[in-house]
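Results of the structural survey
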Amino acid sequence: RTMIQKGNAWKYGSNIDTDLLAPISALTAAKPEEQYVQCLQDVDPNFAKSCQVGDVFVAEDNLGIGSSREWAPQYLRSCGIRVILAKSFARIFYRNCFNLAVPALVCTETHKISMGDELEVDMEKGEVRNLTKGETYACDTVPAHLMEMVNDGGLMDHLKKRFKKAS
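My aim in this report is to walk through the structure given alongside it, one point at a time. (Residues numbered from 1 in each chain as written. Predicted model: local features only at pLDDT ≥ 70, side-chain atom pairs only at ≥ 80, totals over all residues. Heavy atoms only, no water.)

**Points about the packing of helix α5 (residues 71-79) against helix α6 (residues 91-99)**
- The geometry of α5 relative to α6 is characterised by a closest axis approach of 8 Å and an angle of 45° between their N-to-C directions. Compared by their axis directions, α5 and α6 come out oblique. In terms of crossing hand, the pair formed by α5 and α6 is right-handed. Contacts between α5 and α6 involve A72, P73 and L76 on the former and, on the latter, F93, N96 and C97.
- Taken together, the residues of the contact of α5 with α6 sort by class into five nonpolar, one polar and no charged. (Axes fitted to C-alpha atoms, helices over the stretch in contact; angles between N-to-C directions. Helix = DSSP H or I, 4+ residues; strand = E, 2+ residues; numbered from the N terminus. Parallel < 35°, antiparallel > 145°, perpendicular 65-115°, else oblique. Left-handed = near helix turned anticlockwise from the far one by under 90°. Contact = heavy atoms within 4.5 Å. Nonpolar A, V, L, I, M, F, W, Y, C, P; charged D, E, K, R; others polar.)

Below, the structure written as structure tokens:
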């Protein structure tokens, strides 16, 4: 799998917490397909139904603060998000992103990205190319072992693959 992701930016501010990404009402929905559509409903009711597979979630500081709900990155993935950029992340949210096969990269210049900008994120080089504005921003790279886990489909699938090889 390539380490380059191209998609449109879904841009939000600071302190987007896990309660906004995975509201308690979503966790009690009867069917899984009814759960993720509530992702960010209190911030942007159009997010879940308008997001496309391959899009990029962009935030400012403290993305994923709050509870350690692993559903938050899972719902973003279910909406189509394939990479997340933020200036800073809550530690547990950050790790849950990789565990659920959604790369999360620190990018100190997310304030230059606007909603709907077409982005190309090169996780190996640590570059975000804003194709709409003709700008390039530096971001973290994804270590090879974490990218392998993402490519395997997340932590559980990665472990199954490794244990299968070992036996």
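Having put the structure on the table, let's press on.
**Describing helix α8 (residues 155-166)**
- The end-to-end C-alpha distance of α8, which contains 12 residues, comes to 16 Å, matching closely the 16 Å that a straight helix rising 1.5 Å per residue would cover.
- Counting buried positions along α8 gives one out of 12 residues, so the element sits mostly on the surface. (Expected span 1.5 Å × (residues − 1). Buried < 20%, exposed > 50% of the residue type's maximum accessible area, 1.4 Å probe, protein only.)

**Considering the packing of α6 against helix α7 (residues 144-151)**
- Where α6 contacts α7, the axes come no closer than 8 Å and their chain directions differ by 55°. Relative to α7, the element α6 is oriented oblique. Taken together, the residues of α7 that come into contact with α6 (itself represented by R95, F98 and N99) are L146, M149 and V150.
- For the contact of α6 with α7, the residue count by class is four nonpolar, one polar and one charged.

**A short note on the pattern of salt bridges**
- In total, this model carries eight salt bridges according to the counting rule given.
- As a salt-bridge pair, E60 and K87 come within 3.2 Å of each other at their nearest N and O atoms. Residue E60 is located in the loop between β2 (56-58) and α5, and its partner K87 is located in the loop between β3 (83-86) and α6; the two are separated by 27 residues in the primary sequence.
- Residue E60 is classed as buried on the basis of its relative accessible area of 12%.
- Between D152 and K161 there is a salt bridge, with its nearest N and O atoms 2.9 Å apart.
- Here the salt bridges share partners, and the residues they tie into one network are K11, E60 and K87. (Salt bridge = Lys/Arg side-chain N within 4 Å of Asp/Glu carboxyl O.)

**A word on the pairing of strand β7 (residues 135-138)**
- Here four bridges tie strand β6 (residues 127-130) to β7, and the two strands are oriented antiparallel to one another. The partner of V128 across the bridge, within β7, is Y137.
- The turn joining β6 and β7, which pair antiparallel and follow one another in sequence, is formed by four residues; a positive phi near 70° is taken by G134. (Pairing = 2+ DSSP bridges.)

**Details of the packing of aromatic side chains**
- Enumeration according to the criterion identifies seven aromatic pairs in this entry.
- Between the aromatic rings of F89 and F93, the centroid separation amounts to 6.4 Å while the plane-to-plane angle is 15°, which identifies the pairing as stacked. In this structure, F89 and F93 share a single accessibility class: buried.
- Here Y94 and F98 contribute two aromatic rings whose centre-to-centre distance is 5.3 Å and whose plane-to-plane angle is 65°, an arrangement assigned as edge-to-face. In this pair, Y94 and F98 are both assigned in helix α6, four residues apart and thus about one turn of the helix distant.
- Among the residues examined, Y94 registers a relative accessible area of 26% and is labelled partly exposed. (Phe/Tyr/Trp six-rings, centres within 6.5 Å; stacked < 30°, edge-to-face > 60°.)

**Remarks on the pairing of strand β5 (residues 118-122)**
- The element β5 is largely enclosed, with a buried count of four among its five residues.
- Of the pairings in the sheet, the one linking strand β1 (residues 4-11) to β5 comprises five bridges and is antiparallel in character. Of the residues in β5, the one forming a bridge with I4 is D122.
- When β5 meets β6, the two strands line up antiparallel, connected through four bridges. Counted as the bridge partner of E120 is R129 from β6.
- Connecting the antiparallel pair β5 and β6 is a turn made up of four residues, with G126 showing a positive phi of about 75°.

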